Structure formats: structure tokens, C-alpha cells
Amino acid sequence: DIGEETGAFFLGFEDDEGSLDQLSLDRLHALLAPANLVRGTRLVFVSACHSQPAAEVFAACGVPHVVGVRADAKVLDDAAALFARHLYLALVQGNSVRAAFEMGTAALAGTAPSARMLHPAAEAAKFILLPAPPPARASAGGRLSMPPPPPRDPHEA
């Protein structure tokens with residue numbers, strides 16, 4: 001969330017008494033980096049409005065796949081829930097994180113508009129996956145060159 005007084009991004013956590021603990025990006029980085037708390041963590045989903053700055057901290061601390069919401073975007077709860085459902089379902093089915101992310105955004109974008117979500121495609125565009133994929137390479141003819149396909153497994157039919 002973004003603090004009304006400071007304009008700075010923070011992750012909000014509630015303690016046992018219901019008080020808000022505003023975890024700043026600096027504090028998040030200080031907690032994660034030196035202690036190597038993210039070692040072995042393969043995916044983080046920061047499901048919150050404007051969460052790109054926090055997602056960038058997780059990525060900078062070594063998490064290889066981080067999903068967040070663009071820094072300039074508020075996401076609807078229904079959109080976040082639908083995206084998450086399809087993202088996790090695709091992961092459980094054995095898809096790569098990139099493929100699961102794309103399936104989640106496609107499922108959200110393809111949802112019929114409703115009173116609770118007027119523009120599903122716009123909601124889908126709010127999600128980001130870090131780090132961004134490397135840009136495609138251009139070949140001599142100006143066409144994009146794709147990496148060669150992986151070798152075929154001789155055990156597959």
C-alpha cells in the first residue's frame with residue numbers, strides 16, 4: 001500500500017492486537033538480504049495494489065520468480081483472486097512459472113465483464129512477472145531469432 005502521509009510504499013501487516021505494522025521497502029530488504037531468508041524460495045506472489053516495488057525487492061534478494069501488481073495500479077480483489085486461482089492451478093499441473101503466469105493473465109483477460117469487474121483485460125495487464133524475460137535477439141535479416149528447440153527425448157512417443 002502507499003502511505004497517505006509519506007507517499008512511500010509499504011507492506012501492511014496486522015499484529016495480534018489488530019495494529020498495523022507498516023513494513024517499508026528498506027526494512028523488507030534489510031530483513032531479507034543479510035539473513036538470506038529467501039534461499040530456496042522459488043516464487044513469491046505479492047498480491048497487493050501497487051506491489052511492484054516490493055516485488056522488485058524480493059527479486060533483488062534472489063527470488064527467481066516474483067509476481068506483483070504494477071506500481072501505478074490498483075487491482076480488484078476479484079481479479080486478483082481469479083488470477084491467483086489460474087496461476088496456482090497451472091503450476092500444480094506442472095507448467096513453468098512463465099507459462100502459468102501467462103495462463104493466469106489469459107484466463108483473467110478472457111473473463112466476461114461483470115458489474116464487479118467491468119474491464120477484465122485491463123485488470124490482467126496490471127500483473128507483472130519479475131524478472132522480465134530477456135529481449136528477443138534480432139537476426140541479420142531483422143527477424144527475431146528464437147533459441148533452438150530442446151533436444152527431443154527418445155523415450156517420448
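Look above for the structure.
Keep in mind that what you see is a predicted model, and the values were worked out from it rather than measured.

### Some words on the environment of Asp21
By the secondary structure assignment, Asp21 is in strand 2 (residues 20-24). In this structure, the C-alpha to C-alpha distance between Asp21 and Phe10, residues eleven residues apart in sequence, is 9.2 Å. Non-local contacts of Asp21, meaning those with residues more than four positions away in its chain, are made with Leu11, Gly12, Phe13 and Arg27. Of the polar contacts made by the side chain of Asp21, one reaches the side chain of Arg27; its length is 3.1 Å.

### Observations concerning the packing of aromatic side chains
Enumeration over the complete set of coordinates arrives at five aromatic pairs. A centroid spacing of 6.4 Å and a plane angle of 65° characterise the contact between Phe45 and Phe127, whose relative ring orientation is edge-to-face. Here Phe127 lies in strand 5 (residues 127-130) and Phe45 lies in strand 3 (residues 43-45), a separation of 82 residues in the sequence. On the accessibility criterion, Phe127 (3% relative accessible area) is buried. Members of the aromatic cluster, connected to one another through ring pairs, are Phe45, Phe83, Tyr88, Phe101 and Phe127.

### Some remarks on the pattern of salt bridges
Under the definition given, this model contains three salt bridges. In this structure, the salt-bridge partner of Asp21 is Arg27, at a minimum N-O distance of 3.1 Å. Using a relative accessible area of 37% as the deciding quantity, one classes Arg27 as partly exposed. Between Lys126 and Glu123 there is a salt bridge, with its nearest N and O atoms 2.7 Å apart.

What counts, and where the lines are drawn
Residues numbered from 1 in each chain as written. Predicted model: local features only at pLDDT ≥ 70, side-chain atom pairs only at ≥ 80, totals over all residues. Heavy atoms only, no water. Helix = DSSP H or I, 4+ residues; strand = E, 2+ residues; numbered from the N terminus. Contact = heavy atoms within 4.5 Å. Polar contact = N/O pair within 3.5 Å; in protein donor to acceptor, adjacent residues only side chain to side chain. Phe/Tyr/Trp six-rings, centres within 6.5 Å; stacked < 30°, edge-to-face > 60°. Buried < 20%, exposed > 50% of the residue type's maximum accessible area, 1.4 Å probe, protein only. Salt bridge = Lys/Arg side-chain N within 4 Å of Asp/Glu carboxyl O.

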